[in-house]
Amino acid sequence: MTRNTRQSETPHPHAGEREEGAGLVKRHTTEEIVQIVTRSPSAREAESALRGELHPWSLKAYLLSWAERADMTLPQLFFAAGIEKSLGYKILAGRRKPGRDILLRLAFVLGMGLEDAQRLLALGERGALYARNRRDMVLIHALTHGMSLDQVQETLTRMGEASLWSRETPES
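Note that residues are indexed from 1 along each chain, following the sequence as it is written. The predicted nature of this model means local features are confined to residues of pLDDT at least 70 and side-chain atom pairs, given and counted, to a pLDDT of 80 or more, with totals for whole chains, interfaces and linings taken over all residues. The side-chain numbers reported here are obtained from all heavy atoms of the structure, hydrogens and water having been left aside.

Undergrad: Would you mind showing me how to read the overall build of the protein chain here?
TA: Put simply, DSSP H or I for four residues or longer makes a helix, DSSP E for two residues or longer makes a strand, and each gets a number counted from the N terminus. The helix and strand inventory of the protein chain stands at nine helices and two strands. Each helix (α) and strand (β) of the protein chain, taken in turn from the N terminus, gives the series β-β-α-α-α-α-α-α-α-α-α. Here the protein chain holds 172 residues, and the buried ones make up 37% of them. Contacts: residue pairs with any heavy atoms within 4.5 Å of one another. Within the protein chain, counting contacts between residues at least 6 apart in sequence, those at least 24 apart form 62% of the total. Counting every atom, the protein chain has about 10100 Å² of accessible surface; 51% of that belongs to carbon and sulfur. To sort residues, take the accessible area from a 1.4 Å probe on protein chains only and compare it with the maximum for the residue type: under 20% means buried, over 50% means exposed, and anything in between is partly exposed. Throughout, the Shrake-Rupley method with a 1.4 Å probe supplies accessible areas, and for residues the shown protein chains are the sole cover considered.

Undergrad: Sorry if this is basic, but what is going on with unusual backbone geometry here?
TA: What is expected of a backbone is that most residues other than glycine have negative phi and most peptide bonds are trans. The phi dihedral of Asp71 is positive, around 55°, even though this residue is not glycine. Asp71 gets classed as exposed once you look at its relative accessible area, which sits at 70%. The residue Glu125 is not glycine, and still its phi comes out positive at about 60°.

Undergrad: Help me out: how do you make sense of the packing of aromatic side chains in this one?
TA: Two descriptors summarise a pair of aromatic rings, namely the distance from one centre to the other and the angle between the planes of the rings. Between rings of Phe, Tyr and Trp, where Trp is taken as its six-membered ring, a pair exists when centres lie within 6.5 Å; planes separated by under 30 degrees are stacked, by over 60 edge-to-face, and by other angles tilted. Tallied over the full model, the rule gives three aromatic pairs. A network of ring pairs unites the aromatic residues Trp57, Tyr62 and Trp66 as a single cluster. We call a charge positioned above a ring when the Lys NZ or Arg CZ atom is no farther than 6 Å from the ring centre and deviates by at most 35 degrees from the ring normal. The cationic tip of Arg69 hangs over the ring face of Trp66; the distance from NZ or CZ to the ring centre is 4.9 Å.

Undergrad: Whenever I open this one, helix 8 (residues 134-144) confuses me. Can you help?
TA: The α-helix winds at 3.6 residues per turn, so residues separated by three or four positions along the chain end up facing the same way. Those residues of helix 8 lying buried are Arg135, Asp136, Val138, Leu139, Ile140, Ala142 and Leu143. Where helix 8 is buried, its residues contact helix 6 (100-109), helix 7 (114-123) and helix 9 (149-158). Its side-chain oxygen 3.0 Å from the backbone nitrogen of Arg135, Asn133 forms the N-cap of helix 8. Note on helix 8: the residue one or two positions beyond its end, Gly146, has a positive phi of about 65°. We define a polar contact as two N or O atoms separated by no more than 3.5 Å, with the added condition that, inside protein, one atom must be a possible hydrogen donor and the other a possible acceptor, whereas residues neighbouring each other in sequence contribute only through side-chain atom pairs.

Undergrad: Can you help me understand the nonpolar core in this one?
TA: Nonpolar side chains in soluble globular proteins tend to be buried together. With 37 residues, the main nonpolar core has Leu106, Phe108, Leu120, Leu139, Val152 and Leu164 as its most contacted residues. Among the elements that line this core, the one with the most residues is helix 6, at six residues. Not counting chain neighbours up to four residues away, the residues in contact with Leu164 comprise Asp101, Leu104, Arg105, Phe108, Arg135, Leu139, Leu149, Val152, Gln153 and Leu156. For this analysis, a nonpolar core means a set of buried residues of the types Ala, Val, Leu, Ile, Met, Phe, Trp, Tyr and Cys, connected via side-chain atoms within 4.5 Å.

Quick look at the structure:
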């Protein structure tokens, strides 16, 4: 079962791409952006060169955008991801920092692919999935193959890895 056929399905706030020359439109790849940043004498010049290509996402905006896209209310999203409503709203308000596994549960419930789940982890200030870590490898496989939260839980159990519910301790 593969739900996620596109590399990134992120609803981007700057859908209009940067204009070049006589109305031609071009967006830089991430690798090109890194080259521009590393070659620029200052961060301000890099920012100017990348006008319109840097995303202003916050964790809240990103999750709200994905929930809307999935046609889910916040209570439905929290319930499906096994998150108490009060905790979910505290996370969105920035009063609690979500644990990595909470973010991963949200990613699976929202049907994110790998790139979008990695972005969610970054916005939540949590470590990216690392393919050399066995548990993370299982999660990467599940994200790239469009598995549901139940399916990934079964796979983690079958592989002898910790559940997405076993490590949760959100920070205050």
